Amino acid sequence: MNYTVGIDLGSTTTKAVVLGEDGAVLGRGITNSRSNYDVACSVALSEALINARFSLIAGEFQSIARDPAQAPTLIGALERKFRAEQYRSQLRVLDTELRRFLSRLLTRPPAATGIVDRIAGRMTAEVDALYAEGARRKSDFFRDLAGSRYLALAEEEARATGVSFDLLAGLFDKAILDVENSAEAAGRFDEHAAVALEALPGADPALTTAVARVSARTLEQIGSVGTGYGRQRLPFPEGRIRSEILCHGLGAHSMFPRTRTVLDIGGQDTKAIQVDEQGIVTSFQMNDRCAAGCGRYLGYIADEMSLGLHELGPIASQSSAPVRINSTCTVFAGAELRERLSLGERREDILAGLHRAIVLRAMSLLARSGGVKDEFTFTGGVARNQAAVAALRTLVEENYGARTVNISEDSIYTGALGAALFALRNAAAA
Amino acid sequence: MSEDPRLTALVDRAGALFRDQALAAVREWKARTGGLAVGFLPIYVPRELLHAQGVLPVGLMGGRPDLEIIKGDAYYQSYICHLPRSTVELGLNGSYDALDGLIFPAICDVIRNLSGMWQMLFPKVLVHYLDVPQNFDPAIGGAFYRRDLESLSQALEARGARALTAAALRQSIALYNENRRLVRELYALRRREPWKVPTHELYVVLRAALLVPVEESTTMFAEYLALASADRSRRPQDQARVLVTGSFCEQPPLALIKTLERAGCYIVDDDFVQVHRFIRSDIPVDGDPLQSIVDALLTDAVASPTRYIADEVKGADLNQRAAESGAEGVLFCAASFCDPALLDQPMAVRAVERTAIPWTAFKYAENNGQFQVIREQAGTFADSIKLWSGA
Amino acid sequence: MITTGIDVGSAAIKVAVVDTGDQAGEQFLAGVTERVRRRDSLAVVETAYQAALDSAGVTRADVGYVATTGEGESVPFRTGHFYGMTTHARGGLFLEPAARGVVDIGALHARAVRMDEHARVLGYRMTSQCASGSGQFLENIARYLGVTLEEIGRLSRTGDAPEACSSICAVLAETDVINMVSRGITIPNILRGIHQSMAGRYLKLVVSAGLKDVVLITGGLAADEGLMAALAEAAIAQKSPVDIRSHPQSMLAGAIGAALWGAFRARRLAGLGRRLPAGAAELASS
Amino acid sequence: MSAAPIVATTAHKDSSQVRQKEMIARHFDRLAAAPDTGTRCAYTFVPGNLTELLLSFDVLPVLPEINALQSAMRGKTAEYIAAAEKLGHSEDVCTYVKSDIGMMKSGNIGPTGQRLPSPDLLLLSYTGCFTFMKWFELLREEYHCPVAMLHVPYQADGRITDSMRTYVVDQLKNVVIPKLEEVTGRQYDEDRLRAHLARSAQAEDDLVWVLQSAKNVPSPIDAYFGAVYYVGPIFSAFRGTADAVDYYRELREEIAGRIRQGKGPVTPDGEVERERFRIVVEGPPNWTSFRQFWKMFADEGAVAVASTYSKVGGVYDLGFRHDPDHPLETLAEYCLGCYTNLSLPTRIDLLTRYLSEYRADGFLINSVKSCNSFSAGQLHILREVEARSGRPGGFIESDLVDPRYFSAANIKNRLESYFQMLDQKRAGASS
Ligand SMILES: Nc1ncnc2c1ncn2[C@@H]1O[C@H](COP(=O)(O)OP(=O)(O)O)[C@@H](O)[C@H]1O
Ligand SMILES: Nc1ncnc2c1ncn2[C@@H]1O[C@H](COP(=O)(O)OP(=O)(O)O)[C@@H](O)[C@H]1O
Ligand code: SF4
Ligand code: SF4
Ligand code: SF4
């Protein structure tokens, strides 16, 4: 079947949205951005295609399953097994790379080889638990998941053996780059799907049939458009690159046609956009290049607190008395946070203050772009964060009165969706 | 020995006025008297004139760190000082609704342009740009200024203020002379015994005085002067004496003033809330009172960075103030992006360097909450004065 | 007298033990540096302090004055506190008696201090509240490039075509670095470019603080030979009359300075007949 | 999308351009020779300059702003600004001032590589900006020369009052002219002044014709980048000279020729062959990356059809002309009327008017960090003009002469988004 794809090469994440010829979303894929843009794009695309295939499998299976009521659960299990296998395959590459860098060290502590063996062993052993039903993962990305586990284990080992923690941490920082920058590390759909099926012995045989049918289909790309921070360097011809502003405007319009104001808080920029009834941008404002006020601010804070991005919002939401954060600069805010924690202030109050700070900056941009009109759509990665959303809702209401606030589960894909829609238009016009 | 409770109460009352960004005191005054209230931006307006027409002059000094700027930032780029955005924020959030007009004295381009913005944002209120002359010849700049004041006076009258009479103006001048005299005494007391007049307290009193009628603020100054000078609970500490300069328009956050004091400094002279000291001595009450007001500006105003004053008068003036206040150091403490203050600074520094007095410089914004760097800097400055003075 | 100095930084805790006995003059007994790495800094202070005492072979009871500096006001067992520039000047002079200026380059701030031959502070300049071009910034980039702190300097020195890198946000830097890597710029050239831009920034501080002649770099970044080289080059290129030096103990300068001032203060208070710690506590900023 | 090339690659110079270059070179020669010829020099500013009066005393004007922007175009300002900051000047303040101070401290070598004479007089006519006043306070400390201060009141209520005019005329009579007499040892000669003023008015007519030629579609000129060259002589040392009269006459003829041929503007990279967007621009240009900045417009086929920057030395298109019959009053009127002396509501009116009169697709604000006089309030202007004209505004930030504040990637990103937005809007409107 034919598809068009929009790719949003963001500063922190790269997103792909795959559309069918009818304009319906077939699949979405996301990965963290890395230095090799081609790889980032191809990983995001292949993730989107995996996602597309899973929804196709779900569709196929639903009609032939022994117990249709159980089908979604089974598909869920299949997907978890698939992800676990994918993770394992990346771990294997990581392990190889760790060893390679270890062997290159000039002064290699004798204990180091054993340590790397033990860490790799333990991480592999933990995979099933990580992807068990109901398990919570700190992030969707291998870099973060493997990184936080590795560093925790390395710290244990460093304490126990006296080998320098910096050395172990340094090894990881090197190895992870090579894992990320090889498109192959994540493996192939059919191989992982086969392993995943094997890991579900006794499952409905129709599942195997559905997987086989979908694997056999070819997906043909008939158009693509790139956008995002890195768009100038995307492996796309010039005519197939669109500004993020337009893509966000169109994407938001397509999700919520009555949208007039769009706020996008991404990794390293925040945009306030006004669109007309056709999704055409009428004015916009972007922030300066400073992490304060963007998603990276929260990412940095999460790192400082050794938390996952997913955890920030829920913790902050528990606060009843947000503190006022004095530092504007992200790095200084990180230091302030540690100082406040050591003075005994509550973690949730500090986090709530940090969320409010970022939303306040967005409010200024919104005001600059022409205010908040009805309906208002909030997109970008930060829209996934409930505390940021709550703070934004309050401030919008206080300053502009009641507004319908649209937030989609898939808001992080807004830019990619807009790009895919442009691609579809191009394909139709060709 | 503990502090006199009357002093504590007075400072608390001033503090409440200082924190009153929505001008409740002004609303209350208007409700009581039915008069007009007109705000003015730093650093100088002839309050006597307003007072003589029954108008309450209200000194507006921007915002404070706890004011969340939401709409104000929509009007200003990041590289413009903070005062205008908080002023716009307070205007838009209704805090200044009680004001029947605003006067924008000629200070700098930012304030100048703000006057036009105000005309558009608040078309119903009186907006007057007070073009303070830079020519100090009575026949030229003086005549121009006089015409400007007359037009201001007429505009007030058109809004329902009393007509200006010479008798009323003379009386107002007398009241403000007394008010200014007390401020001079407070500064003198602080120079002599800085522990008796901690600056974070004096500052709050000076700010509070901007929101109440001159009669009330004179009483407040007099009481404060009497209570503070009599209080024996306040003992001298081993602190360095510093002169703070450059903060004439956008004001430093109160916490910054406290930080300086805690880091070991006694502030013995400053240019905070400058309107109180802009005219240096008494304005004559005999003769043509309007002309006296004009002449006072031409001949007796401080050498503010917003005025063009030839020859190294400003530097000499600063050095003289430092000498008179017995300052052991000079702190250049200006608002970020404040062109008048920052462009003056190198010249002032050169003047200070001609004396033996050490100096240091830092910038702030009225919404700063973080004083780590400044504390470190002021602390080191005070440390070195203390460790090495007389050595 | 044995005194100790504790320099509480945002990236690392530094502890120094000195002996200011009359016979041998001032003697540096031991120093310990412990990176905080997102741990509770007071806990790190505790372990680093004990390690320093152990390595100097003294006990807590032997210590005549515990002086803190940096963010050390919250250390519960301190005798007194001194401000960072005062202590870096003193420590810098101890390490490099010819120095008439120090530049403390730490994780978040840099400060250039001009002093006389008694470590009296004559003038200074500090960086602003933006972490662009700070130690933390370099650390973030290094991490992203998979380079350890110890390797940075060496790698940077092998760069032959440094990539100019203007002031960029310490947090968003990694995207710029991604960008550079994707343009095929080598790690040494990236690092060297960054070092050059940092050096430019610091040299500006040096010049505006009026430093001349021998200048000792203190703080953590003194250990970065790439930055040191870039600073020296920049000084030559801009014809600044400074002789930039570093010292293996540069990172400890603040702690050493605090310990020395502690001894000075203890003697003075003793001379005044005042008792410790009540008298010294007065020095601690409230 | 890029069917035909937008900018042709052949660059050429018109004869007016050659003439202009030659005029300027001659002026700097005269300045360089001034110490030997004994010619007096006054430093003064572009907005509110009193060139005719100076010329009537045979005093040569030196314009520090022009020197600063020329230095920027020659890539010298980074070094100059660094030198000024070394002397304790803040990062926050106007970079024209710092660049000038830095240049002076580096030997006062002007744009042509010749040394500039020290001032015999600082003529501080501070129209439209308080920074001018500080600037000359700083220079005065260096040169210890006489200063003539001319305070030009602000048009806060959008009009020039009698009181303002009287005030300026009083100062001209009692401060500026006596100072000039004292410095030059000559008598004020009103007839000479009148003769210069008459020539000014003549050149002004042609300049206005040139600027208004942008009403043609396609526009034969770029009224922002290109206009910088066109306003050069009249904003600097040549107003009131025969040279200026000739230059503008020739320029006018050239442009009339372009209109007949249906040609677009000339840019350093060639002619704009296809006018895709007609833009009104507010704010000064960036000088350190002037060509790169211009190219970002030209490559998109964006032509500036009107700008406010080309009015900083006088808003002649609203009708003002120097009037030889009322020499001092006309000078006063001129000073009071410069663009940066206009109130914000007046500036908004002007922009809105340009948008409709020049049939522009939208307007762009280049907000420069240096200049509070221009920048403070520009975001308000943006909103108001958008609301009143219904046409989209764009906002970019840079600086005049400090290369640290020109982020090409950032500006390109914003411009690109802006132009794509205009494009999309047009496509939407036609579908
Ligand atoms: N699940 C999540 N919960 C909270 N915040 C998230 C989540 N996922 C992403 N984010 C935030 O979104 C940001 C990335 O947003 P994104 O729109 O992908 O940016 P960009 O397009 O610049 O890469 C991250 O920095 C992070 O703060
Ligand atoms: N060998 C090294 N090479 C480069 N940088 C180093 C090295 N060691 C430490 N640093 C840097 O020094 C900084 C810590 O310096 P320090 O003076 O202790 O700062 P602080 O006092 O703020 O904690 C860290 O940010 C780190 O980047
Ligand atoms: S703080 Fe300075 S720049 Fe800002 S308004 Fe006041 S005088 Fe002007
Ligand atoms: S202030 Fe902080 S977050 Fe902003 S640019 Fe500087 S380093 Fe980055
Ligand atoms: S502030 Fe603006 S108008 Fe004033 S001197 Fe600087 S650039 Fe010129």
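Here the structure is a predicted model, which means the values were calculated and not measured.

Parameters at a glance
- Residues numbered from 1 in each chain as written.
- Chains lettered and ligands numbered in written order.
- Predicted model: local features only at pLDDT ≥ 70, side-chain atom pairs only at ≥ 80, totals over all residues.
- Heavy atoms only, no water.
- Helix = DSSP H or I, 4+ residues; strand = E, 2+ residues; numbered from the N terminus.
- Rg over C-alpha atoms; globule rule 2.2 N^0.38 Å.
- Buried < 20%, exposed > 50% of the residue type's maximum accessible area, 1.4 Å probe, protein only.
- Lys, Arg positive; Asp, Glu negative; His and termini not counted.
- Charge placed at Lys NZ, Arg CZ, Asp CG, Glu CD.
- Pairing = 2+ DSSP bridges.
- Axes fitted to C-alpha atoms, helices over the stretch in contact; angles between N-to-C directions.
- Contact = heavy atoms within 4.5 Å.
- Near = heavy atom within 4 Å.
- Polar contact = N/O pair within 3.5 Å; in protein donor to acceptor, adjacent residues only side chain to side chain.
- Areas by Shrake-Rupley, 256 points an atom, 1.4 Å probe, with all protein chains shown as cover.
- Nonpolar A, V, L, I, M, F, W, Y, C, P; charged D, E, K, R; others polar.
- Buried area = accessible area lost by both parts, 1.4 Å probe.
- Salt bridge = Lys/Arg side-chain N within 4 Å of Asp/Glu carboxyl O.
- Right-handed = clockwise from strand over helix to strand, strands pointing away.
- 1 Å grid on protein atoms, 1.4 Å probe; cavity = no way out; pocket = protein on both sides within 12 Å on 5 of 7 lines; lining within 4 Å.
- Points joined across faces, edges and corners; volume = space filled by probe spheres on them.
- Parallel < 35°, antiparallel > 145°, perpendicular 65-115°, else oblique.
- pLDDT = per-residue confidence, 0-100.
- Core = buried A, V, L, I, M, F, W, Y, C linked by side-chain atoms within 4.5 Å.

**Student:** Any chance you could break down the overall build of chain B for me, citing the residues and the numbers?
**Tutor:** When you go through chain B residue by residue, the secondary structure sums to 14 helices and eight strands. For chain B, whose C-alpha radius of gyration is 20 Å, the value lies close to the compact-globule estimate of 21 Å for 391 residues. Principal axes of the C-alpha set define a box for chain B whose edges measure 65 × 50 × 50 Å. Within chain B, the fraction of its 391 residues that count as buried is 69%. Averaging the coordinates of the 41 positive side-chain charges in chain B and doing the same for the 48 negative ones gives two points 2 Å apart.

**Student:** Could you give me a rundown of the sheet that holds strand β3 (residues 27-35) of chain C, with the residues and numbers involved?
**Tutor:** Residues and elements named next belong to chain C. In space, the five strands of this open sheet follow the order β3-β2-β1-β4-β5, with mixed pairing throughout. Two strands lie at the open edges of the sheet, namely β3 and β5 (80-81), each paired on one side alone. The pairing of strand β4 (residues 63-70) with β5 spans two bridges and is classified as parallel. Bridging from a neighbouring strand, Thr68 pairs with His81 of β5.

**Student:** Go over the sheet that holds strand β8 (residues 359-364) of chain B, please, and point to the residues and values.
**Tutor:** All names here are of chain B. Taking strand neighbours across the sheet as the criterion, the four strands line up as β6-β5-β7-β8 in an open arrangement whose pairing is parallel. Because the sheet does not close on itself, it has two edges, and the strands there are β6 (265-269) and β8. Direction aside, the axes of adjacent strands within the sheet are offset by 35° on average. Here strand β7 (residues 329-335) pairs with β8 via six bridges, running parallel. Pairing of Val330 across the sheet is with Trp359, part of β8. Sheet contacts for helix α7 (residues 166-192): β5 (240-245) and β6; angle to β6, the most-contacted strand, approximately 140°. Across the face of the sheet, helix α10 (residues 254-262) comes into contact with β5, β6, β7 and β8 while running at roughly 115° to β6.

**Student:** Help me get a handle on the site of ligand 1, residues and values and all.
**Tutor:** Residue and element names in this part refer to chain A. Thr12, Thr13, Lys15, Gly267 and Gly295 are the nearest of the 18 residues found near ligand 1. Within the side chain of Lys15, a nitrogen or oxygen atom sits 2.7 Å from an oxygen atom of ligand 1. Note that an oxygen atom of ligand 1 is positioned 2.9 Å from one of the backbone N or O atoms of Gly295. In isolation ligand 1 exposes 570 Å². Once the protein is present, 92% of that is buried. Among the secondary structure elements, those contributing two or more residues to the shell around ligand 1 are β2 (13-20), α9 (295-304) and α10 (309-316). Class assignment for the residues of the shell around ligand 1 results in three nonpolar, 12 polar and three charged.

**Student:** Let's hear about the interface of chain C and chain A: which residues, and what values?
**Tutor:** Contacts between the two partners involve 34 residues from chain C and, on the opposite side, 35 residues from chain A. With both sides pooled, the region where chain C packs onto chain A buries about 2,900 Å², and carbon together with sulfur makes up 55% of that total. Considering only the surface of chain C that becomes buried against chain A, Arg38, Val171 and Leu172 of chain C emerge as the three largest contributors, covering 22% of it. For the interface between chain C and chain A, the tally reads two salt bridges.

**Student:** Give me the pairing of strand β2 (residues 56-59) of chain B: which residues, what numbers.
**Tutor:** Burial of β2 of chain B is two-sided: the residues Leu56 and Val58 of chain B facing one way and the residues Pro57 and Gly59 of chain B facing the other way are all buried. Regarding the hand of the β-α-β motif, the stretch spanning strand β1 (residues 37-40) of chain B, helix α3 (residues 47-52) of chain B and β2 of chain B is right-handed.

**Student:** Could you give me a rundown of the interface of chain D and chain B, with the residues and numbers involved?
**Tutor:** Facing the 58 residues of chain D at the interface are 51 residues of chain B. Counting the surface lost from both chain D and chain B, the interface buries some 4,700 Å², and carbon and sulfur atoms represent 57% of this. Our count for the contact surface shared by chain D and chain B stands at four salt bridges. Two residues, Asp344 of chain B and Lys134 of chain D, come together in a salt bridge whose shortest N-O distance is 2.8 Å. Elements with a contribution of two residues or more to the side of chain D that touches chain B: α6 (131-143), β4 (147-150), α7 (162-184), α13 (344-357), β9 (362-368), α14 (372-375), α15 (378-389) and β10 (393-398) of chain D. Here the side of chain D that touches chain B is built from residues that sort into 25 nonpolar, 20 polar and 13 charged.

**Student:** An account of unusual backbone geometry is requested, with residue identities and associated values reported.
**Tutor:** Residue and element names in this part refer to chain A. A cis amide bond links Asp374 with the next residue in sequence, Glu375, at an omega value of -5°. If you trace the backbone, Glu375 turns up in the loop between α12 (347-369) and β8 (376-379). The residue Ser306 is not glycine, and still its phi comes out positive at about 55°.

**Student:** Lay out the site of ligand 4 in plain terms, naming residues and giving numbers.
**Tutor:** Taken together, Arg289, Cys290, Ala291, Ala292, Cys329 and Thr330 of chain A together with Cys130, Ala131, Ser132, Cys169 and Ala170 of chain C make up the full set of residues near ligand 4. More than one chain approaches ligand 4, the contributing ones being chains A and C. Here the residues of the shell around ligand 4 sort into eight nonpolar, two polar and one charged.

**Student:** Which residues make up empty space enclosed by the protein, and what are the values?
**Tutor:** Residue and element names in this part refer to chain B. This structure, assessed with the given rule, holds 14 cavities of 30 Å³ or more. By volume, the largest cavity amounts to about 170 Å³. Around the largest cavity, the lining comprises 15 residues; the ones closest to its centre are Phe18, Asp20, Gly59, Arg207 and Leu211. Among the residues forming the lining of the largest cavity, the class breakdown is nine nonpolar, three polar and three charged. The computed volume of the second largest cavity comes to approximately 130 Å³. Every residue lining the second largest cavity is counted, 17 residues in all, and those nearest its centre are Cys81, Cys108, Val110, Cys338 and Pro340. Looking at the lining of the second largest cavity, the elements with two or more residues in it are α5 (109-121) and α13 (339-353). The element contributing the most residues to the lining of the second largest cavity is α5, with three residues. Across the lining of the second largest cavity, the residue classes tally to 12 nonpolar, two polar and three charged.

**Student:** Can you explain the packing of α13 of chain B against α6 of chain D? Please cite residues and give values.
**Tutor:** Two numbers describe how α13 of chain B lies on α6 of chain D: the axes approach to 9 Å, and their chain directions differ by 10°. Taken together, the axes of α13 of chain B and α6 of chain D are roughly parallel relative to one another. On the side of α13 of chain B, the interface is formed by Asp339, Pro340, Leu343, Asp344, Met347 and Arg350 of chain B, while α6 of chain D contributes Thr131, Lys134, Glu137, Leu138, Glu141 and Glu142 of chain D. Across the contact of α13 of chain B with α6 of chain D, the residue classes tally to four nonpolar, one polar and seven charged.

**Student:** Go over the confidence of the model for chain C with me, naming the residues and quoting the values.
**Tutor:** Close reading of the predicted structure is inappropriate where its pLDDT is low. Averaged over every residue, the pLDDT of chain C is 87; the share at 70 or more is 93%. What the predictor reports for the complex is a pTM of 0.85 with an ipTM of 0.81.

**Student:** I'd like a rundown of the side chain of Gln86 of chain A, residues and numbers included.
**Tutor:** Residue and element names in this part refer to chain A. Relative to the elements of secondary structure, Gln86 occurs in helix α2 (residues 71-104). Gln86 sits in the buried class, given a relative accessible area of 6%. One polar contact links Gln86 to Glu47, side chain to side chain, over a distance of 3.0 Å. Separated by 2.8 Å, the side chains of Gln86 and Arg83 make a polar contact. Dropping the residues within four chain positions of it, Gln86 is found in contact with Glu47, Ile50, Ala186 and His192.

**Student:** Tell me about the nonpolar core, and name the residues and values.
**Tutor:** Tyr224 of chain B together with Tyr96, Trp287 and Phe419 of chain D are the most contacted members of the largest nonpolar core, which totals 377 residues. No other element matches the 12 residues that α12 of chain A contributes to this core. The residues contacting Tyr96 of chain D, other than those within four sequence positions of it, are Glu65, Ala68, Leu69, Trp135, Trp287, Tyr309, Ser370, Leu400 and Val401 of chain D.

**Student:** Any chance you could break down helix α9 (residues 225-235) of chain D for me, citing the residues and the numbers?
**Tutor:** Counting buried residues along α9 of chain D, 10 of its 11 residues qualify, which places the element largely inside the surrounding structure. Buried residues in α9 of chain D make contact with α1 (15-37), α8 (190-212), α10 (242-260) and α11 (290-298) of chain D.

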